[in-house]
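# Residue-level structural notes
Take a look at the letters that make up each chain.
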Amino acid sequence: MASFLGVSNIAVVNESNVQIQRFNGLRSSNLAPFGGRVHVFPVSSSNSQQIKAVSTPVKPDTATETKRSKVEIFKEQSNFIRYPLNEELLTDTPNINEPATQLIKFHGSYQQTNRDERGPKSYSFMLRTKNPCGKVSNQLYLAMDDLADQFGIGTLRLTTRQTFQLHGVLKKNLKTVMSTIIRSMGSTLGACGDLNRNVLAPAAPLVKKDYLFAQETADNIAALLTPQSGFYYDMWVDGEKIMSAEATEVVKARNDNSHGTNFPDSPEPIYGTQFLPRKFKIAVTVPTDNSVDILTNDIGVVVVSDADGEPQGFNIFVGGGMGRTHRIETTFPRLAEPLGYVPKEDILSVVKAIVVTQRENGRRDDRKYSRMKYLISSWGIEKFRSVVEQYYGKKFEPFRELPEWEFKSHLGWHEQGNSALFCGLHVNNGRIGGIMKVTLREIIEKYNLNVRITPNQNIILCDVRRAWRRPITTALAQAGLLHPKYVDPLNITAMACPALPLCPLAITEAERGVPEILKRVRAVFDKVGLKYNDSVVIRVTGCPNGCARPYMAELGLVGDGPNSYQIWLGGTPNQTTLAKCFMNKVKIQDLEKVLEPLFYNWRCKRRSKESFGDFTTRMGFEKLQEMVDKWEGVVEAPSRYNLKLFADKETYEAIDELAKLQNKNAHQLAMEVVRNYVAVQQNGKSE
């Protein structure tokens, strides 16, 4: 029989022998409660076809049923992402069924199993918060810290999209954890699923007009594209209204249907019943600051200011995305490309127009090809721009010239610009646990600090008074959270996804494997004669989906089998060039056979200040392969120096313990200390 859920009076079929109704565009005609005739813009149409409305598509005059993925069916039947998740959460089983597994993603959670354990599956849930610009209030940080200990695995994970991930939550505890996050001024709504994800922006709390405007814009875009139908609060706080002030321009942009973007009278005016074809990612930044990997997003928004530093508008990039599938060459990572410039007052209308273009035209039959990058690759940028302009109601202005991009880590101590300081802390792989977790909590709680998460899996302490700097620095150092000049440069730019044991998509190790990989790379550097500061951007993922953005790295390792990786080369330190696959199926134990000849030849043949990524691109893969094939090892010259760093066992053991906190060996840490001491003395400074 058909049961009816909620006030929308949407029939939800929950009998397996009832045939799903034919799908015609974004809704099947007999399940949608909203009427109206529209014109739909098909992929094959010419650019000149006028879009009159897109509210509820007309049933096409064809006997052929439109193919669509099963996730589209789950969404259609769900009563706006409620059913059957609401019923599954009430059962005594430790897991939920397949439709509910897909729907809970919209609520910010993934069902996982511990793949290290044998026997019956051990189910738990990963929760991901949504923090535009990476902003985390003091209240929310302390709540997340408590939840990790009470209901998680005792650690917090900082992500590449400026959010927390909380692993190991049992189904029976989901509502307690979710409601605690919500009541602590946090949210997980839309952190996963087929809708706009967390909006990135530079995490630095700089009191500068362009940075503040970028962060305000990111907040407004996040608000504009937040689901409106209430399913999240119905599920986790029993429908309690969580009031938050919205900017007037956000409400106006969401409600504006002058160009046929909305579903009239729908609980979801922008998303409708079907939401988007796949995930959707947006980043906002200022010129030169590429801490957000701007070109990897579906939409990249760049503040453009006048000569006086007053923001005037935005350059818009579109079509970036990292995910791909092994052995299917029609899937690929892609860089975003310029779409045009818009005045600042139009930014929300433009973002909405782009989202609606993807909503109406992105593929819903095969999820491998559902990201917007494939739509733009199929259409070309000119056709895409033409369609967006019809929803926008205006023409784009010419793209404004931008300076070169730089990767800015925002690590270390910096002036905020309002008499306060901020301190960016490097967190290996974004995993906060052990003494680091205890110390961070003590500092954040004692000084009542807000924090921000960076897109490089690091954390920033904000609004620090000058008098607090010394005691905070001392406490951090005792927990292994050192000033960035004392951290191996390889670690500063490295990233890895969580991968095994909890990610269901992981093929091999990433987070757990990267500390040893970085040690081995450092050892290769030493062996071939590279200097300590000759750094390389290294990113590791356990599968090809690219969560740690490995396809932008100078050296990307992408899991393609047990203890096996593809090697990608050619990215640049400022993340503006796409890497390419150099080798497949390289076993983890054979990495040195590839890396030694590449790094040795980089040292010997590079041009002045040429990065490793630029070197590999200039050489070309044919020459690089020849280097690897003919490699016979480094010819070591007799050492001119006899360095004995440790005069006694006690000193060695003490240094070794400190080194382990930073995933280094005693020799590496001792050499760093010596180098930095010499540098300080040469500069005539002391700290």
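Every chain's residues receive numbers from 1 upward, in the order its sequence appears when written. Per-residue local features are limited, in this predicted model, to residues with pLDDT of at least 70; the limit for side-chain atom pairs, both in listing and counting, is 80 or more; totals at the level of whole chains, interfaces and linings are taken over all residues. Note that water and hydrogens are dropped before the side-chain values are worked out from all heavy atoms of the structure.

A few words now on the overall build of the protein chain. A run of H or I in DSSP becomes a helix once it reaches four residues, and a run of E becomes a strand once it reaches two; helices and strands are each numbered from the N terminus. Broken down by element type, the protein chain carries 20 helices and 21 strands. Exposure is judged per residue with a 1.4 Å probe applied to protein chains only, and the accessible area is read against the type maximum: over 50% gives exposed, under 20% gives buried, and values in between give partly exposed. Out of the 687 residues belonging to the protein chain, those deemed buried represent 58%. Considering only residue pairs separated by 6 or more positions, the protein chain has 68% of its internal contacts joining residues 24 or more positions apart. Just so you have it, the protein chain exposes about 29,600 Å², and 51% of that area is on carbon and sulfur atoms. Contact between two residues is taken to exist if any of their heavy atoms lie within 4.5 Å; hydrogens are not considered. For the area figures, the Shrake-Rupley method with a 1.4 Å probe applies, and any residue is considered shielded solely by the protein chains shown.

Next up on the list: the environment of Lys67. Position of Lys67 relative to the elements: it lies in the loop between strand E2 (10-13) and helix H1 (70-77). Sequence separation between Lys67 and Arg363 is 296 residues; the distance between their C-alpha atoms is 9.9 Å.

This part is about empty space enclosed by the protein. Points on a 1 Å grid over protein atoms alone make up a cavity when a 1.4 Å probe fits among them but cannot get out, and a pocket when they form an open set with protein on both sides within 12 Å along at least five of seven lines; lining residues each have an atom within 4 Å of a point. Grid points are joined across faces, edges and corners, and a volume is the space filled by probe spheres set on the points. In the structure shown here, the tally under the stated rule is four cavities of 30 Å³ or more. Its boundaries defined by the atoms lining it, the second largest cavity holds a volume of some 60 Å³. In terms of lining residues, the second largest cavity is bounded by His426, Asn428, Asn429, Asn491, Ala494, Val514, Pro515, Leu518 and Asn663. Counting residues per element, the lining of the second largest cavity draws most heavily on helix H15 (residues 514-528), which supplies three residues. Each residue is assigned to one of three groups, with Ala, Val, Leu, Ile, Met, Phe, Trp, Tyr, Cys and Pro labelled nonpolar, Asp, Glu, Lys and Arg labelled charged, and all others, Gly among them, labelled polar. Its residues assigned to classes, the lining of the second largest cavity comprises four nonpolar, five polar and no charged.

The next point concerns the layout of surface pockets. Here the idea is plain: a probe the size of a water molecule rolls over the atoms and shows the empty space left. Approximately 1,200 Å³ is the volume found for the second largest pocket. Taken together, 34 residues line the second largest pocket, and the ones lying closest to its centre are Ser187, Thr226, Tyr233, Ile242 and Ser244. No other element matches the four residues that helix H6 (residues 209-224) contributes to the lining of the second largest pocket. Here the lining of the second largest pocket is composed, by residue class, of 15 nonpolar, 11 polar and eight charged.

What follows concerns the sheet that holds strand E21 (residues 580-587). Pairing is mixed across the open sheet formed by five strands, whose spatial order is E17-E18-E19-E20-E21. Pairing within the sheet leaves two strands with one partner each, and these edge strands are strand E17 (495-496) and E21. A strand pair is defined by DSSP finding two or more bridges across the two strands. Summarising the sheet, E17 and strand E18 (residues 538-541) pair through two bridges and their orientation is parallel. Within E18, the residue paired with Ala496 across the bridge is Val540.

Now for a nonpolar patch on the surface. Residues form patches when they are more than 30% accessible in relative terms and have no salt bridge. Like charges link within 9 Å. Nonpolar side chains (Val, Leu, Ile, Met, Phe, Trp, Tyr) link within 5 Å. Salt bridge, as used here, is a side-chain nitrogen of Lys or Arg placed within 4 Å of a carboxyl oxygen of Asp or Glu. On the surface, a cluster of nonpolar side chains totalling about 270 Å² of accessible area is made up of Ile435, Leu658 and Leu661. You can see Leu661 is positioned in helix H19 (residues 649-661).

Turning next to helix H5 (residues 174-183). Within H5, the full set of buried residues consists of Leu174, Val177, Met178, Ser179, Ile181 and Ile182. The inward-facing, buried residues of H5 contact strand E3 (109-113), strand E4 (123-128), helix H4 (138-151), strand E7 (164-169) and helix H7 (231-236). Following H5 by one or two positions, Met185 adopts a phi angle in the positive range, close to 70°.

Bringing the environment of Pro202 into the picture now. With respect to the helices and strands, Pro202 occurs in the loop between H5 and H6. Here the alpha-carbon distance between Pro202 and Asp289, two residues 87 residues apart in the chain, equals 7.4 Å. If near-sequence neighbours (up to four positions away) are discounted, Pro202 is found in contact with Tyr211, Gln215, Val284, Thr285, Asp289, Ser291 and Val292.

It is worth spelling out unusual backbone geometry at this point. Here the residue pair Tyr83 and Pro84 is connected by a cis peptide bond, since its omega of 5° sits within 30 degrees of zero. As for its position among the elements, Pro84 is in the loop between H1 and helix H2 (85-88). Following Leu500, the chain continues to Pro501 via a peptide bond in cis, the omega torsion being 10°. With respect to the secondary-structure elements, Pro501 resides in the loop between E17 and H15. We note that His410 has phi near 60°; this positive angle belongs to a residue other than glycine. Relative to the helices and strands, His410 resides in the loop between helix H11 (381-392) and strand E12 (412-415). A positive phi angle is found at Gln457, which is not glycine, with a value near 70°. In this structure, Gln457 sits in the loop between strand E15 (451-453) and strand E16 (459-464).

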